[in-house]
Amino acid sequence: MDYDFSNKVVLVTGASSGIGESTALLFAKLGAKLSLVGRNEANLRAVAAECEKQKGVKPLAIVADLGTDEGIQKTAKETLAHFKRLDVLVNNAAIGARTSILHETDMKIFDDVFRIDVRGVYLLTKLLAPALIETKGNIINVSSIAGTVVAVGSLPYGMAKAALDHFTRLVSLELAPKGVRVNTVSPGLTITNFLKNIIHCSDDEYKQWLDIAKKNVPMGDPCVGEDIARMIVHIASEHSRLVTGTNVEVDGGLRFNNLSNTLVTHVK
Ligand SMILES: NC(=O)c1ccc[n+]([C@@H]2O[C@H](COP(=O)([O-])OP(=O)(O)OC[C@H]3O[C@@H](n4cnc5c(N)ncnc54)[C@H](OP(=O)(O)O)[C@@H]3O)[C@@H](O)[C@H]2O)c1
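Residues numbered from 1 in each chain as written. Predicted model: local features only at pLDDT ≥ 70, side-chain atom pairs only at ≥ 80, totals over all residues. Heavy atoms only, no water.

Colleague: For the overall build of the protein chain, give the residues involved together with the corresponding values.
Modeller: Looking only at helices and strands, one finds 9 helices and 9 strands in the protein chain. Over its C-alpha trace the protein chain gives a radius of gyration of 18 Å, about what one expects of a compact globule, namely 18 Å for 268 residues. Over its C-alpha atoms, taken along the principal directions, the protein chain stretches across nearly 50 × 35 × 35 Å. Summarising the internal contacts of the protein chain: among those between residues at least 6 apart in sequence, 74% fall at separations of at least 24. Accessible surface computed for the protein chain: about 12800 Å², of which carbon and sulfur atoms make up 54%. (Helix = DSSP H or I, 4+ residues; strand = E, 2+ residues; numbered from the N terminus. Rg over C-alpha atoms; globule rule 2.2 N^0.38 Å. Contact = heavy atoms within 4.5 Å. Areas by Shrake-Rupley, 256 points an atom, 1.4 Å probe, with all protein chains shown as cover.)

Encoded structure:
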């Protein structure tokens, strides 16, 4: 199967690192015109430069905080002003949180997680849906197996991802008659800075944690960003023309194991 995104405009949020970076690079290799969003300007510009090297197409880099209405409005406005169209929206940016038990939850973390991971996606999708209807484009929401697996340690992030999963289903039904597909890709354990940032540990401790966590993945291997990027590209492509409202897990089977072992037992 071949994938061709030349003349397609693809917006990837959280493109400044990890899964978003891998996704941006893969779309760039397939000829897409990219709008890339993140807060860390140096990282974002480095990813944009790497994307440009693939097929010589210069991405639009938008430095914006998707936890604010201004940042979201700026993202939608600048993308449409620059490209005059949008074919694929990848809602990938998110922050994580790990709460060992309910009564220890810091409500600021709860608010931040819902503001960025749920409200941010909702508003950006709302603003860009008309453009996607015009092109009969599609939306990929990057969720997590934490949205479906019940595990101690995944509050409040797991709740936010569960909300995102249902957002996909609801919006897919609403937009299907307009020719727009909406899907979720849910990564399992993936080697990026995401978990390291949540665990707040030294490099050595993180390596030790990862060695133990990997043992819970039935297929024995954690994902890397490109594993998730390939699924995103496949679902965004014409090869998936009737796929909508789904949640595709890319996790080596981790969702079938007790995630609490991964999230809590080995993290002190
Ligand atoms: N890694 C995993 O094991 C894993 C597992 C399941 C699901 N996921 C999901 O995969 C997605 C990508 O995560 P990742 O692993 O690639 O993590 P990552 O390397 O930490 O990347 C997160 C990205 O989101 C961006 N971001 C976060 N808050 C933002 C905000 N307020 N405004 C704009 N951008 C913001 C970051 O940009 P800046 O750094 O520039 O702020 C960064 O580019 C997330 O939705 C995450 O929930 C990851």
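Colleague: Could you give an account of the sheet that holds strand β1 (residues 9-13), naming the residues involved and the relevant values?
Modeller: Ordered by their spatial adjacency, 7 strands build an open sheet running β3-β2-β1-β4-β5-β6-β9, and the pairing between neighbours is parallel. Every other strand in the sheet has two partners, leaving β3 (60-63) and β9 (247-250) as the edge strands with one partner each. Neighbour-to-neighbour, the strand axes of the sheet open up by a mean angle of 15 degrees, direction not taken into account. Looking at chain direction, strand β5 (residues 138-142) and strand β6 (residues 181-187) are connected through 5 bridges and run parallel. Bridge pairing in β6 links Asn141 to Thr184. Along the sheet, helix α5 (residues 157-175) contacts β5, β6 and β9; its crossing angle with β6, the most-contacted strand, is approximately 160 degrees. (Pairing = 2+ DSSP bridges. Axes fitted to C-alpha atoms, helices over the stretch in contact; angles between N-to-C directions.)

Colleague: How would you summarise the packing of helix α4 (residues 107-135) against α5 if you had to cite specific residues and measurements?
Modeller: Axis separation between α4 and α5 bottoms out at 9 Å; the angle between their running directions is 15 degrees. Classified by the interaxial angle, the pair formed by α4 and α5 is roughly parallel. In the crossing of α4 with α5, the sense of the turn from one axis to the other is right-handed. Mapping the contact onto sequence places Phe110, Val113, Phe114, Asp117, Val118, Val121, Tyr122, Thr125 and Ile133 in α4 and Tyr157, Met159, Ala160, Ala163, Leu164, Phe167 and Leu175 in α5. Split into classes, the residues belonging to the contact of α4 with α5 amount to 14 nonpolar, 1 polar and 1 charged. (Parallel < 35°, antiparallel > 145°, perpendicular 65-115°, else oblique. Left-handed = near helix turned anticlockwise from the far one by under 90°. Nonpolar A, V, L, I, M, F, W, Y, C, P; charged D, E, K, R; others polar.)

Colleague: Talk me through the nonpolar core; I want residue IDs and the actual numbers.
Modeller: Soluble globular proteins: nonpolar side chains tend toward being buried together. Judged by nonpolar contacts, the single largest core of 32 residues is most densely connected at Phe5, Val10, Phe27, Leu34, Leu36 and Ile232. Every residue in contact with Val10, bar those within four places of it in the chain, is listed here: Phe5, Phe27, Ala32, Lys33, Leu34, Ser35, Leu86, Val88 and Val90. Ranked by size, the runner-up nonpolar core spans 26 residues in total, among them Val37, Ile62, Ala64 and Leu132. (Core = buried A, V, L, I, M, F, W, Y, C linked by side-chain atoms within 4.5 Å. Buried < 20%, exposed > 50% of the residue type's maximum accessible area, 1.4 Å probe, protein only.)

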